[in-house]
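Coordinates in review
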Amino acid sequence: MKFTKMQGIGNDYIYVNCFEEQVVNPEQLSVRLSDRRFGIGGDGLILIMPSQIADFKMRIFNADGSEAMMCGNGTRCIGKYVYEHGLTNKTHITLETNSGIKYLELHCTGDQVTSVTVDMGKAILTPREIPVESDSQEPFVAKPVQVGDRLERLTCVSVGNPHAVVFCDRVEDLDLEKLGPLFEHHAIFPDRVNTEFVRVIDDHTLQMRVWERGSGETLACGTGACATTVAAVLNGYCPQGEPILVKLRGGDLTITYQADGTVMMTGPAEEVFQGEINL
Ligand SMILES: N[C@H](CCC[C@H](N)C(=O)O)C(=O)O
């Protein structure tokens, strides 16, 4: 099977062009290929597929084989792949995902895509739609929740997939291997959750680390950066309607939580290598 390894600010996936390849059991394949010793190595597997309702369709599987609704860094890499591999010559592309159709704008230098802007759709704040258990239907903002032996203040947002955002004074020395699973498997998240640990640098700059549902700590999370920006606005740290620089371990994204409730994400995408593997 042919594949392409791509990364969006260090969030690296194995991409399969399903116009040419057939993938039978993507859940199992993601576990096997994501292994960084016995497989190709990656945060998961992403399938690029034909769509009846959009230009292309994406399915994304975490390293543990669980299928996710959406992958922000993955959408940008797909935009780059389909343009540079001749599947389209359009620079405005629609992409069907498990959380609806996303709209991509490719920014090119010559025949190379250097960055992509994605309309991530409306941020979802109603607790039961995230989903997060709550005794109220009001947005889940800075609510105290016992996580392990600490009382944490969580802000929960969905950008097509569930996120819990925690604001901290420092993020570099957090032990995410210990903390991450306590959030991911917490009883208030019926579908588990992606968790972002965020330091506010100033009212237009955020620094974050992320423990991803199904993949552990990754160097970046596109939907996580979007959820983080929405949470920062809801908590009064950043202004709505202005571009916020989100600094992640693998690089930076520019996110705008717009007045109409939609979220725009702009960032790079890179192709690392192409390969073939005997399954
Ligand atoms: N772990 C996520 C999917 C990948 C999201 C992330 N890699 C991104 O760039 O948005 C989930 O289970 O919802």
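Residue numbers run consecutively from 1 along every chain, following the written order of its sequence. Given that the model is predicted, a residue must reach a pLDDT of at least 70 before its local features are reported, and side-chain atom pairs must reach 80 or more before they are shown or counted; all residues, however, enter totals for whole chains, interfaces and linings. Hydrogen atoms and water are omitted, and side-chain values are computed over all heavy atoms in the structure.

Heads up, the rule is: UniProt positions are given in the numbering used here, feature names are shortened, and annotations may be inferred rather than shown by experiment.
Under an unreviewed UniProt entry, the chain has the name Diaminopimelate epimerase and belongs to Ruminococcus champanellensis. Its UniProt record, at the heading Function (unreviewed entry), says of the chain: "Catalyzes the stereoinversion of LL-2,6-diaminopimelate (L,L-DAP) to meso-diaminopimelate (meso-DAP), a precursor of L-lysine and an essential component of the bacterial peptidoglycan." UniProt's Pathway (unreviewed entry) comment on the chain is quoted here verbatim: "Amino-acid biosynthesis; L-lysine biosynthesis via DAP pathway; DL-2,6-diaminopimelate from LL-2,6-diaminopimelate: step 1/1."

1. Comments concerning the site of the ligand
How we decide: Whether a residue is near a molecule or strand is decided by its heavy atoms; if any one of them lies within 4 Å of it, the residue is near. Any N or O atom pair separated by 3.5 Å or less is treated as a polar contact, with the protein-specific requirement of one donor-capable and one acceptor-capable atom, and with residues adjacent in sequence counted only for side-chain atom pairs. Only the protein chains shown count as cover for residues, and the accessible areas themselves come from Shrake-Rupley with a 1.4 Å probe. Helix and strand definitions here come from DSSP, where helices need a minimum of 4 consecutive H or I residues and strands a minimum of 2 consecutive E residues; each element is numbered from the N-terminal end. Each residue gets one label: Ala, Val, Leu, Ile, Met, Phe, Trp, Tyr, Cys and Pro are nonpolar, Asp, Glu, Lys and Arg are charged, and the others, such as Gly, are polar. Delimitation of the domains relies on an automatic or database domain assignment.
The immediate surroundings of the ligand are formed by 16 residues, with Asn11, Tyr13, Glu212, Gly222 and Thr223 found nearest. Between the ligand and asparagine 11, the relevant distance is 2.8 Å, taken from a nitrogen atom to a side-chain nitrogen or oxygen of the residue. Asparagine 73 is positioned with one of its backbone polar atoms (N or O) 3.1 Å from an oxygen atom of the ligand. Against a free-state accessible area of 360 Å², the protein chains account for coverage of 100% of the ligand. Within the residue set of the shell around the ligand, elements represented by two or more residues are strand S2 (11–17), strand S4 (56–62), helix H2 (72–84) and helix H4 (222–234). Across the shell around the ligand, the residue classes break down as 6 nonpolar, 8 polar and 2 charged. Of the residues that make up the shell around the ligand, three or more belong to each of domain 1 (2–119 + 269–276) and domain 2 (127–260).

2. Side note on helix H3 (residues 176–184)
This is how the line gets drawn: Categorising residues by exposure relies on relative accessible area from a 1.4 Å probe, with only protein chains included: less than 20% of the type maximum marks a residue as buried, more than 50% marks it as exposed, and the intermediate range marks it as partly exposed. Taken from the helix axis, the directions to the C-beta atoms give the arc we talk about. Contacts are assigned to residue pairs with any non-hydrogen atoms lying within 4.5 Å of each other.
Listing the buried residues of H3 in full gives Leu176, Leu179, Gly180, Phe183 and Glu184. Mapping the buried residues of H3 onto a view down its axis gives an arc of 130°, with all of them on the same face. Residues of H3 that are exposed and angled more than 90 degrees away from the buried face: Glu177 and Lys178. Looking at the buried positions of H3, the neighbouring elements they touch are strand S9 (143–147), strand S10 (150–158), strand S11 (162–167), strand S12 (194–202), strand S13 (205–212) and strand S14 (216–218). With a side-chain oxygen positioned 3.3 Å from the backbone nitrogen of glutamate 177, the residue opening H3 is aspartate 175.

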